[in-house]
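Listed here are the chains, written in short residue letters.
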Amino acid sequence: QVQLVESGGGLVQAGGSLRLSCAASARTFSAYRMGWFRQGPGKEREFVATISWSGGRSYYGDSAKGRFTISRDNAKNTLYLQMNSLKPEDTAVYYCAAASNPITGRRLDEYDYWGQGTQVTVSS
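Quantities reported herein were computed from a predicted structural model and do not represent experimental measurements.

Visitor: I'd like a rundown of the state of the cysteines, residues and numbers included.
Guide: Tallied over the entire structure, the rule returns one disulfide. Between the sulfur atoms of Cys22 and its disulfide partner Cys96 the distance amounts to 1.9 Å. Between Cys22 and Cys96, the S-S dihedral sits near 50°, and the bridge is therefore right-handed. Of this pair, Cys22 sits in strand β3 (residues 18-24) while Cys96 sits in strand β9 (residues 92-99); the two residues are 74 residues apart in sequence, bridging distant segments of the chain. A residue is classified by how much of its surface remains accessible, and Cys22, at 0% relative accessible area, is buried.

Visitor: For the sheet that holds strand β8 (residues 78-83), give the residues involved together with the corresponding values.
Guide: Pairing in this open sheet of four strands is antiparallel, and the strands run β1-β3-β8-β7 from one edge to the other. Each edge of the open sheet carries a strand with a single partner, namely β1 (4-7) and β7 (68-73). Neighbour-to-neighbour, the strand axes of the sheet open up by a mean angle of 15°, direction not taken into account. Examined bridge by bridge, β7 and β8 share six bridges and lie antiparallel to one another. In the strand pairing of β8, Arg72 is matched with Leu79.

Definitions and cut-offs
- Residues numbered from 1 in each chain as written.
- Predicted model: local features only at pLDDT ≥ 70, side-chain atom pairs only at ≥ 80, totals over all residues.
- Heavy atoms only, no water.
- Disulfide = S-S within 2.5 Å.
- Helix = DSSP H or I, 4+ residues; strand = E, 2+ residues; numbered from the N terminus.
- Buried < 20%, exposed > 50% of the residue type's maximum accessible area, 1.4 Å probe, protein only.
- Pairing = 2+ DSSP bridges.
- Axes fitted to C-alpha atoms, helices over the stretch in contact; angles between N-to-C directions.

Just distances and angles here, no functional claims.
Next comes the structure, spelled out in structure tokens:
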């Protein structure tokens, strides 16, 4: 079992930055491919970013590319999402997730464990 707890969300003005964190309970944190997803008001949950077990490779959804950076610290069992140049359309609940048997790392059904989410609100 893996427990994930997100933090770092809040209210920020457009153009600002936030850094989200996800603390994992798994001792074998490095064995999981980690990802970030988000769900805006009245919208489907969408892929934001994913990172490999070693942290050597990452992939971003179109909405995040060029503005967000995913990283992980396996020694601290923590996943991060640095969000810069935030826009009102980034407003959503952000979820971290862990996949033990990833294929692409970009599909919802690849992930086995999910956090409770943290709210990010970007004002215009």
